[in-house]
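The residues making up each chain are set out below.
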Amino acid sequence: MEREKNQILYLVIPCYNEQEVLPETSKRLREKMESLMQRGMISRESRIMFVNDGSKDRTWEIIEELHAENPIYQGVKLSRNRGHQNALLGGLMTAKTYADMVISLDADLQDDIDAIDRFVEKYYEGCEIVYGVRSARKTDTFFKKFTAEGFYKIINLLGGEVVFNHADYRLMSRRALDELERYKEVNLFLRGIVPMIGFQTGIVTYERHERFAGESKYPLKKMLALAVDGITSLSIKPIRLIVLLGMLIFLCSIAMLIYSLFRHFTGNTSIGWTSLIVSIWAIGGLQLLAIGIIGEYIGKIYLETKERPKFIIEKVLR
Ligand code: UDP
Ligand code: MG
C-alpha cells in the first residue's frame, strides 16, 4: 500500500563521548535532511535527535549549542550512561510521539547516510520496518569482520532471529515503534526483538565506512557483553542443549550397561567394575537430564517474565 508523501522523519542518534564527531556529523545530517525536504520527500517538521548517553566530555554542551542555533537539532539527555541499546530505545520512544518514521544511526556516520533516501522510499512503499544491511566490510579489520559475522551465525543457530549483517541502522514507522513498546524486557537486544514484530519489511544495502574521528565506544568487552545478551535474552535454546546432552549420556549409559554385562558374563572383568562403570554413566546422564528439565521450567518462567505480546494484528476485515 502506497503512503502519502511528505511525512515527518526523525533521526535518532545515541552519543557517548562523541565530541570529536558531533560538529561534522550534525552538519552532514542537516544537509541531508534539508535536501530531503527540498525534494518534498519529508516534512519540514522533521528533526535530528541526539541522545546523550551520560557522556563525560562536551557532548551535551555541543548538543545544546546545536539546538540553540537551529531547531532542527533536538537533544535528549539520559541521567547517566545506560549503554547503546538503552540510549537508542530512549530516543526511539521519545521520537515516536512526534514522528511518522524514525531512523536510528550511529554518531560516527560509519553507516552511509545516502541510504536514508532509500529508507524513506521503502517507507512510502508501505514498509513498517526497513533494515540497513552492510554489503561489504572492506574497512573492518579481519578480527572485527570475523567476530561480527560469527556472532550473527551463532545467534541464528541458537534460536535468535536476526537479520544477517544488520546492526542498528534501520527505519521504523510509528506503528512499529508502538508495537516495540509492548516488549517490556529489561535485557534489551533490539536487533533480535525488532524482527519479532513482523509487518511488511524491506532491506536497504549500503557500504560501511571507517569512523572518521574519535574512537570506537564498543571495545571487545562491550561487544562480548552484547553477544551474550543477544543470545540469552532471545532464546532458551542453550538450556535445551543441556537436556539433549543429558539424554545422550543416558543413552550411552544403557550402551555401557549392555557392554559391561557382556564383559561380566564372558568373565573377563574384575569384580565391582561393572556396577561402578554403569552407575557413573547412569547417574551422570540422569543428573544432566534433571538439570535440563528444571532449566526448561526456568526458561519458561524467564519468557513469562518478559511479558512479550502474544500477537500483533496487522489488519482486520469486517
Ligand atoms: N554508544 C552509546 N553508549 C555507549 C556506547 C556507545 O550511546 O555506552 C553509541 C556511540 O556514541 C555511537 C554508537 O553507540 O553512536 C555506536 O558506537 P561505536 O560507533 O563506537 O561502535 P562501533 O561502530 O565501533 O561498533
Ligand atoms: Mg561506529
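Before reading on, note that the structure itself is shown above.
In this report, the structure presented in the accompanying data block is examined. (Residues numbered from 1 in each chain as written. Chains lettered and ligands numbered in written order. Predicted model: local features only at pLDDT ≥ 70, side-chain atom pairs only at ≥ 80, totals over all residues. Heavy atoms only, no water.)

Topic: the overall build of the protein
Right, so step 1: Along the backbone of the protein there are 10 helices and seven strands.
Right, so step 2: In terms of overall dimensions, the protein is more spread out than a globule: its C-alpha atoms have a radius of gyration of 26 Å, far above the 20 Å expected for 318 residues.
Right, so step 3: Overall, the C-alpha framework of the protein stretches about 90 × 55 × 35 Å when taken along its three principal axes.
Right, so step 4: Counting across all 318 residues of the protein, residues that qualify as buried make up 47%.
Right, so step 5: For the protein, long-range pairs separated by at least 24 residues make up 82% of all intrachain contacts whose partners lie at least 6 apart in sequence.
Right, so step 6: In the structure as shown, the protein presents an accessible area of about 17000 Å², 61% of it carried by carbon and sulfur atoms.
Right, so step 7: Measuring between centres, the 43 positive side-chain charges of the protein sit 6 Å from its 40 negative side-chain charges. (Helix = DSSP H or I, 4+ residues; strand = E, 2+ residues; numbered from the N terminus. Rg over C-alpha atoms; globule rule 2.2 N^0.38 Å. Buried < 20%, exposed > 50% of the residue type's maximum accessible area, 1.4 Å probe, protein only. Contact = heavy atoms within 4.5 Å. Areas by Shrake-Rupley, 256 points an atom, 1.4 Å probe, with all protein chains shown as cover. Lys, Arg positive; Asp, Glu negative; His and termini not counted. Charge placed at Lys NZ, Arg CZ, Asp CG, Glu CD.)

Some points on the sheet that holds strand β5 (residues 129-136)
Right, so step 1: Sheet architecture is open: seven strands sit in the order β3-β2-β1-β4-β6-β5-β7, paired in mixed fashion. Either end of the sheet is taken by a strand with one partner, and the two such strands are β3 (73-77) and β7 (201-207). Adjacent strand axes in the sheet meet at a mean angle of 25°, parallel and antiparallel pairs treated alike. (Pairing = 2+ DSSP bridges. Axes fitted to C-alpha atoms, helices over the stretch in contact; angles between N-to-C directions.)

Here's the deal with helix α1 (residues 22-38)
Right, so step 1: For α1, spanning 17 residues, the distance from its first C-alpha to its last is 24 Å, which sits close to the expected 24 Å at 1.5 Å a residue.
Right, so step 2: Along α1, the residues that are buried comprise L22, T25, S26, L29, K32, M33, L36 and M37. The buried residues of α1 all sit within an arc of 135° when viewed along its axis, so they share a single face.
Right, so step 3: On its buried side, α1 packs onto β1 (9-15), β2 (47-52), α2 (59-69), β3 and α4 (115-124).
Right, so step 4: Phi turns positive one or two residues past the end of α1, at G40, with a value near 70°. (Expected span 1.5 Å × (residues − 1). Arc of directions from axis to C-beta.)

Notes on the site of ligand 1
Right, so step 1: Around ligand 1 sit 19 residues in total, of which E18, D53, D108, S216 and K217 are the nearest.
Right, so step 2: One of the side-chain nitrogen or oxygen atoms of D108 is found 2.6 Å away from an oxygen atom of ligand 1.
Right, so step 3: Separating an oxygen atom of ligand 1 from a side-chain N or O atom of R208 is a distance of 2.9 Å.
Right, so step 4: Of the residues in the shell around ligand 1, the class split is five nonpolar, five polar and nine charged. (Near = heavy atom within 4 Å. Polar contact = N/O pair within 3.5 Å; in protein donor to acceptor, adjacent residues only side chain to side chain. Nonpolar A, V, L, I, M, F, W, Y, C, P; charged D, E, K, R; others polar.)

Digging into the pattern of salt bridges
Right, so step 1: Summed over the entire model, instances satisfying the criterion amount to 24 salt bridges.
Right, so step 2: Notably, a salt bridge pairs R30 with E34, separated by 3.7 Å at the nearest N-O pair. Of the two residues, R30 and E34 are both situated in helix α1; the distance of four residues between them amounts to about one turn of the helix.
Right, so step 3: Salt bridges here are not isolated pairs; linked through shared partners, they connect E18, D108, R211 and K217. (Salt bridge = Lys/Arg side-chain N within 4 Å of Asp/Glu carboxyl O.)

A closer look at the packing of helix α9 (residues 237-265) against helix α10 (residues 273-306)
Right, so step 1: At their nearest, the axes of α9 and α10 sit 8 Å apart, and the two run at 165° to each other. Of the possible angle classes, the one that applies to α9 and α10 is roughly antiparallel. Considering how the two elements wind past one another, α9 and α10 form a crossing that is left-handed.
Right, so step 2: A breakdown of the residues in the contact of α9 with α10 according to their chemical character gives 21 nonpolar, 10 polar and four charged. (Parallel < 35°, antiparallel > 145°, perpendicular 65-115°, else oblique. Left-handed = near helix turned anticlockwise from the far one by under 90°.)

Here we look at the environment of L234
Right, so step 1: By the element assignment, L234 lies in helix α8 (residues 220-234).
Right, so step 2: For the pair L234 and L303, spaced 69 residues apart in the sequence, the C-alpha separation amounts to 9.0 Å.

Digging into the coordination of the magnesium ion (ligand 2)
Right, so step 1: For the magnesium ion (ligand 2), every protein donor is listed as D108 (OD) and Q110 (OE1), and the spread of their distances is 1.9 Å. One exposure class covers both D108 and Q110, and it is buried. (Donors = N, O, S within 2.8 Å, 3.2 Å for Na, K, Ca; no water.)

Section: the environment of E128
Right, so step 1: Summarising the element assignment, E128 is placed in the loop between α4 and β5.
Right, so step 2: The exposure class assigned to E128 is buried, which follows from its relative accessible area of 9%.
Right, so step 3: C-alpha separation for the pair E128 and G285, spaced 157 residues apart in sequence, amounts to 48 Å.
Right, so step 4: Those residues in contact with E128, other than ones at most four positions away along the chain, are R3, L171, M172, S173, R175, A176, F199 and Q200.
Right, so step 5: Within the structure, E128 has its side chain in polar contact with the side chain of S173 (distance 2.4 Å).

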